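So you can see what is in the structure, the chains are spelled out below.
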Amino acid sequence: MRVTLIAGNWKMNNTHLEGMRLVQQIGHEIADVNPQKVEVAVCPPFTALRTIQTLIDADRYDLVLGAQNMYLAEEGAFTGEISAGMLKALNVTYVILGHSERREILGENDDEVNLKVKVAYGAGLTPIICCGETESEHAAEETRSKVERQIQAALAGVGPDRVRSAVIAYEPIWAIGTGQTATPKEAQTTVAYIRSVVSDMVGADVAGAMRLLYGGSVKAGNAKALMSQPDIDGALVGGASLEAAEFSAIVKAVT
Ligand code: 13P
C-alpha cells in the first residue's frame, strides 16, 4: 500500500519568518487530514529549515521536512555547500535531488545526481529524485528515453532495499511554472513507464512499492484527476505550495 505524498517545493522563496507563517497556516488547514492516508512534506530553503523544524515539533503539525538539494560529498572543504548529515541533524526526511532547475540552470548531471542519491541514503535521508523532458524533447517524442536515462543513472549501484523507499518525481519541464500540465493520461503513461524501468532494474516487487509523484503546475483544480491515476502516488508542488489555502486544498483533494 503506497501512502500518497504531497510535497511542497518552495524553491528560492520565503525567508524563515515568511515560512513560519505559511507553515502555521498549512498546519491549521490540514489538521483534520489523516496522516496515514496522505503524507505532507514542506521543502523550504536551507535558511528556513531550522525554524520550520522547530515549529513543526512545537506545534505537533503532521508535516515532514524536506530539503531542496545537498552536496555530493559527506564533508570537507566545499565552501557554501550543505551536507546530507547536516540535513539529517535537522530532522529532515526527504531531499529533492536532480530537480530540472538544478540540472538546466546549474549544470547538474546524471552522475552527480547518482552520487547524491548514495550520499543521501548514507546519511539516512530519503531522496525525491526528479526526472522529466524539455518541451523540445516532448515534441520529438523523446520523453521515455530521457526519463529512462535519468532514472537508470540516478539509481545505478543503489541496492533494492534503498530503491524501495526512494521517491521519483516525474516533472515535465514544459509543465513547470507554466500553468500547462500533462494530461492525467499522459502523466500516468510516463509514470507507469518509469515504474517499469525501475522494475527492470530491481524487480517488480520493489518497483511496485516505491512512490512515484507527478510535478508541473499541480493545483487544487487538477490534483484529483492526476492523483487518481493508478501509478501516480502524489505530487511535487511548486508555485501552489506557496499559498496555504491552495496547497491545503491539493492535500484535501487527494484524501
Ligand atoms: P510548479 O508547481 O510551480 O509548476 O513547479 C513544479 C516543480 O518544479 C516542483 O518541484
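Residues numbered from 1 in each chain as written. Predicted model: local features only at pLDDT ≥ 70, side-chain atom pairs only at ≥ 80, totals over all residues. Heavy atoms only, no water.

**Remarks on the environment of aspartate 200**
Short version of the rule: Labels follow the DSSP assignment, with helices taken as runs of H or I lasting at least four residues and strands as runs of E lasting at least two, numbered in each case from the N terminus. For the exposure calls, accessible area comes from a 1.4 Å probe over protein chains only, and a residue counts as buried if that area is under 20% of its type's maximum, exposed if over 50%, partly exposed in between.
If you trace the backbone, aspartate 200 turns up in helix α9 (residues 184–202). Judged by its relative accessible area of 70%, aspartate 200 is exposed. Separated by 48 residues in sequence, aspartate 200 and glutamine 152 have C-alpha atoms that sit 9.8 Å apart.

**With respect to the site of the ligand**
Going by this rule: Here a residue is near a molecule or strand as soon as one of its heavy atoms is found within 4 Å of it. Think of a polar contact as two N or O atoms within 3.5 Å of one another; within protein, one of them needs to be a possible hydrogen donor and the other a possible acceptor, and neighboring residues in sequence only count if both atoms come from side chains. Computed with the Shrake-Rupley method and a 1.4 Å probe, the accessible areas treat only the protein chains shown as cover for residues. Here the term charged refers only to Asp, Glu, Lys and Arg, the term nonpolar to Ala, Val, Leu, Ile, Met, Phe, Trp, Tyr, Cys and Pro, and the term polar to all other amino acids, Gly among them.
Every one of the 13 residues lining the ligand counts as a neighbour, but Lys11, His99, Gly177, Ser217 and Gly239 are closest to it. A distance of 3.0 Å separates an oxygen atom of the ligand from a polar atom in the side chain of asparagine 9. Interatomic distance of 2.7 Å between a backbone N/O atom of serine 217 and an oxygen atom of the ligand. For the ligand, the accessible surface in isolation is 310 Å², of which the surrounding protein chains cover 97%. A class-by-class count of the residues in the shell around the ligand yields four nonpolar, seven polar and two charged.

**Things to note about the pairing of strand β3 (residues 64–67)**
Test applied: Two strands pair under a simple rule: DSSP has to find at least two bridges between them. When the strands point away from the viewer and the connection leading from the first strand across the helix to the second strand turns clockwise, the crossover is called right-handed.
Bridge count between strand β2 (residues 38–43) and β3: two bridges; the pairing is parallel. Bridge assignment links alanine 41 to a residue of β3, and that residue is valine 64. Viewed along the sheet, the connection from β2 through helix α2 (residues 46–59) into β3 turns out right-handed. Bridging between β3 and strand β4 (residues 94–97) involves two bridges; their strand directions are parallel. Note on β4: the bridge partner recorded for alanine 67 is valine 95.

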